[in-house]
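The chain contents come next:
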Amino acid sequence: MFRPQIQKTKTLFFIACLSMLSVFVVSKSQSSIAKDGLDDKKKATKIMQKYIQSLKSMKNFIVNKNDIYNTGLIGVESSSITTVFNENDKNFLNSKLACTHPNFSALMVHFLNEAEVNSGDTIAVSMTGSLPGANLSLLAACEALNIYPVILSSVGSSSWGANRENMTWLDIEAYLFKNQIINHRSLAVSIGGENDLGENLSDDGIEIIEENIISNNAKLINENSLKENIDYKMDIYNSKLDINNYRAFVNIGGGASSIGYGAGKDSMKVGVAFPIELDDIISNNKYFLNSLAYNFIDQGVAFINIKNINLLAKDWGLYPPSTSISINRGELFYEIEKYNLKMILLALIINLGIIAAIGIYSHKQIKRRMQNEEFDSVL
């Protein structure tokens, strides 16, 4: 018995399978929507890559076995200038690694945008040697956004940071500045560590840091107490710009002068905090009252706290660190939505096209069959 193609079981089975496959593919499809500041974020990651590439020409550049991104920014577990040791916590090392991925500079762009820092603005910055990757990421973000940072640093570093005696944060910064890779460097430098005076370091460690500061032609801040160090640093910030005219204060690391003394700083909010949140910050960390950050936020300046990297970077796909994290990809750059319109339209066109083709072919079959039957009847 004659049956056109569209009525054949194998044809109907093929159409059914194609339809189910199309539904499955469409249900798994996604679309990427560019997030705000995408171009600036990509620019920052490119600049960060340039910084890292330039470091490979440094005399004491070393990539150790833990440095999965091959940046040379991962130090050692222990040294004479190491301020905080954490031998058994892998997260401690991972927090240093996460900051060295170029995408971390895009995260800095995100925070600066969230704090409403605009091109041409000036920010106050306090860095430590503990997170050299975050330090460079901020400089890359500032260059990408045309932001002017007024920088003060401390040399001491916790484990796995810039804690090699022959490659401190100050060495890295001075090398890049001398070779015109970065446009800004620290105006003055303190020892760091306990009370910002290196009180938890040996005499040899303090001497090494002081010699490092002198060899890099940097200005040493080393007053008699933590409060006096803070006052001195505030004088430097104010000498460059009135405190009310800074657009943000950025802390990187756990410096006592930056965010206060004691364990309370470890549970402080990370990312952007606005002046309206000051009471909450103080209630969680009373020592915050004696810090650079308090001086700024109390005067209405936004506070960007780059610390607790395992919490800070996790929401943005940068933690835990992995070589599978692609540059300029992920939640920092694109919002992923379910279903892709182009895929839906393509599946619809393919299905309708095949059904239409089978229908046209079947119509021609029926037409030929009818013509043959008319011819036979005449005979």
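Higher on the page you've got the structure.
These figures come from a predicted structure and were not determined experimentally.

About the thresholds
- Residues numbered from 1 in each chain as written.
- Predicted model: local features only at pLDDT ≥ 70, side-chain atom pairs only at ≥ 80, totals over all residues.
- Heavy atoms only, no water.
- Salt bridge = Lys/Arg side-chain N within 4 Å of Asp/Glu carboxyl O.
- Helix = DSSP H or I, 4+ residues; strand = E, 2+ residues; numbered from the N terminus.
- Buried < 20%, exposed > 50% of the residue type's maximum accessible area, 1.4 Å probe, protein only.
- Patch = residues over 30% accessible without salt bridge, like charges linked within 9 Å, V, L, I, M, F, W, Y side chains within 5 Å.
- Areas by Shrake-Rupley, 256 points an atom, 1.4 Å probe, with all protein chains shown as cover.
- Contact = heavy atoms within 4.5 Å.
- Polar contact = N/O pair within 3.5 Å; in protein donor to acceptor, adjacent residues only side chain to side chain.
- Pairing = 2+ DSSP bridges.
- Axes fitted to C-alpha atoms, helices over the stretch in contact; angles between N-to-C directions.

1. Remarks on the pattern of salt bridges
Here the idea is simple: oppositely charged side chains can pair when their charged atoms come close.
Link 1 in the chain: Tallied over the entire structure, the rule returns six salt bridges.
Link 2 in the chain: For Glu143, the salt bridge is made with Lys50, and the minimal N-O distance between the two is 3.6 Å. Of this pair, Glu143 sits in helix α5 (residues 132–145) while Lys50 sits in helix α2 (residues 38–55), and the two are 93 residues apart along the sequence.
Link 3 in the chain: One salt bridge connects Glu277 with Lys269, and the closest N-O pair in it is separated by 2.7 Å.
Link 4 in the chain: Residue classification places Glu277 among the buried positions, given a relative accessible area of 19%.

2. Section: a nonpolar patch on the surface
Link 1 in the chain: Residues Tyr339, Leu341, Ile344, Leu345, Leu348, Ile349 and Leu352 make up a contiguous nonpolar surface patch of roughly 690 Å² in combined accessible area.
Link 2 in the chain: Residue position: Leu348 is located in helix α13 (residues 341–378).

3. A few points about the environment of Ser186
Link 1 in the chain: Mapped onto the elements of the fold, Ser186 is located in the loop between α6 (169–178) and β6 (188–190).
Link 2 in the chain: If sequence neighbours within four positions are ignored, Ser186 has contacts with Ile151, Leu152, Ser153, Trp169 and Glu173.
Link 3 in the chain: At a separation of 2.6 Å, a polar atom in the side chain of Ser186 contacts the side chain of Ser153.
Link 4 in the chain: In this structure the side chain of Ser186 is engaged in a polar contact, spanning 2.8 Å, whose partner is the side chain of Glu173.

4. Notes on the sheet that holds strand β8 (residues 248–252)
Link 1 in the chain: The mixed open sheet is built from seven strands, whose spatial order is β7-β6-β3-β2-β8-β10-β9. The sheet terminates laterally at β7 (220–221) and β9 (271–273), the two strands that pair on one side only.
Link 2 in the chain: Contacts between helix α8 (residues 226–240) and the sheet are confined to β2 (122–127), β3 (148–154), β6, β7 and β8, with β3 contributing the most and set at about 160° to the helix.

5. Topic: the pairing of β8
Link 1 in the chain: The buried count for β8 comes to five of five residues, which makes it a mostly enclosed element.
Link 2 in the chain: In β8, alternate side chains face the same way, and those of Ala248, Val250 and Ile252 on one face and Phe249 and Asn251 on the other are all buried.

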